[in-house]
Amino acid sequence: MSADSNRDGRHASPGTAPALRQLLPPGPDTDPQRFVDALRLGSVAASDAGRPLLVLNMASTADGRASIRGHSGAIGNRADHALFHALRGVVDAVLVGAGTVRDERYGRLIRDPAQRRARVERGLSAEPLACIVSASLDLPADLPLLAEPESHVVVMTPSRRDIQEVAARVEYVRAGRGDECDLTVALVELHERFSVRTVLCEGGPHLNHDLLRAGLVGELYLTLAPLLAGGDDPERRTLRIVAGYELPAPAEMELASVLESESQLFLRYLVRASAGAGSEGAPSAEEAGSP
């Protein structure tokens, strides 16, 4: 599937912004950009622990599928894609796992010049920092994100190796050992070295698992599509939004808002108690042998 067919590559349709009906808390209709602007993510300060606020943005079918035929693009509608890009427009960094970068063929994070100008007017860099979590550094040089000379990429990895011969500007946050990146240490360094206050994580499901396991997730933005897809075979890419071993304790969340467009629901949750406490003995997705 081409880059323009996935959730990363698809632009919101031109013309009038898709309307969002606000169900909770009750209020007037809005649109993706106004909803995201009201969150004021651009003014968030880093936590007392020196870590950025990290929010997950994921899409799921009604029966829990995070992708269809290995890609997430078929799950969202026009409002979902507009919300996806609006969130990218207000954060300091976008975080993604290496598998998702490869599968979705990630390219430049902000392609529209008007959106880049809008970020600068908000006091942000023209594009968010592109952060990839990869233990093996198995990232093809022809990946659009790495082949773009204007891309600034930070690879979070336990490896001491470098990616060779790519056009993008690539820097490294080296944290962890063996096959596991220490995400807590990496996020602190991301704040200290690159002044990152807010991180938007776009998955995939195994990275989501490890972030929740470490107690690093602050909010979840979940698009719930009116689709039933079936399938429960991990080998055929039928993952849910969190994949891997069962968490030591379920992450507790509080519903903050519900929006609707064309029977698609947009749920915002505050993660009140993540699974970090007592999780040190649980294996990560990589340790468990997950794909």
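The following paragraphs examine the structure supplied in this document. If you're wondering where the values come from, they're calculated on a predicted model, not measured in any experiment. (Residues numbered from 1 in each chain as written. Predicted model: local features only at pLDDT ≥ 70, side-chain atom pairs only at ≥ 80, totals over all residues. Heavy atoms only, no water.)

## Some points on the overall build of the protein
- A count of helical and extended segments in the protein gives seven helices and 12 strands.
- Residues classed as buried in the protein amount to 50% of the 291 residues present.
- Total accessible area computed for the protein in this model is approximately 13200 Å², and 49% of it derives from carbon and sulfur atoms. (Helix = DSSP H or I, 4+ residues; strand = E, 2+ residues; numbered from the N terminus. Buried < 20%, exposed > 50% of the residue type's maximum accessible area, 1.4 Å probe, protein only. Areas by Shrake-Rupley, 256 points an atom, 1.4 Å probe, with all protein chains shown as cover.)

## Some thoughts on the pairing of strand β9 (residues 198-201)
- Burial along β9 is two-sided: the residues Thr 198 and Leu 200 and Val 199 and Cys 201 are all buried.
- Relative to β9, strand β2 (residues 53-61) runs parallel, the two being bridged by four bridges. Bridging from a neighbouring strand, Leu 53 pairs with Thr 198 of β9.
- In terms of strand pairing, strand β3 (residues 93-97) meets β9 through three bridges, oriented parallel. Its bridge partner being in β9, Val 94 is matched across the sheet by Leu 200. (Pairing = 2+ DSSP bridges.)

## A short note on the packing of helix α1 (residues 32-39) against helix α2 (residues 78-88)
- Where α1 contacts α2, the two axes come as close as 8 Å, and the packing angle between them is 35 degrees. Here α1 runs over α2; the crossing is right-handed. For the pair formed by α1 and α2, the contact residues are Pro 32, Gln 33, Phe 35, Val 36 and Leu 39 on the first element and Ala 79, Ala 82, Leu 83, Ala 86 and Leu 87 on the second. (Axes fitted to C-alpha atoms, helices over the stretch in contact; angles between N-to-C directions. Left-handed = near helix turned anticlockwise from the far one by under 90°. Contact = heavy atoms within 4.5 Å.)

## Some details on unusual backbone geometry
- That bond from Leu 24 to Pro 25 is cis: its omega, -15 degrees, falls within 30 degrees of zero.
- Its place among the elements puts Pro 25 in the loop between β1 (21-24) and α1.
- A positive phi angle, near 55 degrees, is found at Arg 40, a position not held by glycine.
- Relative to the elements of secondary structure, Arg 40 occurs in the loop between α1 and β2.
- Unusually for a residue other than glycine, Arg 105 sits at a positive phi of about 55 degrees.
- Here Arg 105 shows up in the loop between α3 (98-104) and α4 (113-121).

## Observations regarding the pattern of salt bridges
- Under the counting rule described, the total for this entry stands at 15 salt bridges.
- Notably, a salt bridge pairs Asp 37 with Arg 122, separated by 3.4 Å at the nearest N-O pair. Here Arg 122 lies in the loop between α4 and β4 (129-133) and Asp 37 lies in helix α1, a separation of 85 residues in the sequence.
- Of the charged contacts in the structure, one is a salt bridge between Asp 92 and Arg 197, with a shortest N-O distance of 3.2 Å. One end of the pair, Asp 92, is in the loop between α2 and β3; the other, Arg 197, is in the loop between α6 (183-194) and β9, with 105 residues separating them in the sequence.
- Looking at Asp 92, the relative accessible area reads 12%, which means it is buried.
- Given a relative accessible area of 25%, Arg 197 falls into the partly exposed group.
- Within this structure, Arg 169, Glu 171, Glu 189 and Arg 193 form a network of salt bridges that share partners. (Salt bridge = Lys/Arg side-chain N within 4 Å of Asp/Glu carboxyl O.)

## Side note on the side chain of Gln 264
- Along the chain, Gln 264 falls in strand β12 (residues 264-273).
- The exposure class assigned to Gln 264 is buried, which follows from its relative accessible area of 2%.
- Reaching out from Gln 264, the side chain makes a polar contact with the side chain of Asn 77 at a distance of 2.8 Å.
- If we ignore the near neighbours within four places in the chain, the residues touching Gln 264 are Ile 75, Gly 76, Asn 77, Thr 223, Leu 224, Ala 225, Pro 226 and Leu 259. (Polar contact = N/O pair within 3.5 Å; in protein donor to acceptor, adjacent residues only side chain to side chain.)

## Quick word on the sheet that holds β4
- As summarised here, the arrangement of the 10 strands in space is β1-β11-β12-β10-β2-β9-β3-β4-β5-β6, forming an open sheet in which the pairing is mixed. Two strands in the sheet have a free side with no partner beyond their single neighbour: β1 and β6 (169-174). With strand direction ignored, the average angle separating the axes of adjacent strands in the sheet is 25 degrees.
- Note: strand β10 (residues 219-225) against β12, six bridges, orientation antiparallel. The residue bridging Leu 222 from the neighbouring strand is Leu 267, located in β12.
- Set on the sheet, α2 makes contact with β2, β3, β9, β10, β11 (252-261) and β12; between it and β12 the angle comes to about 40 degrees.

No statement about biological role is implied by the geometric values presented.
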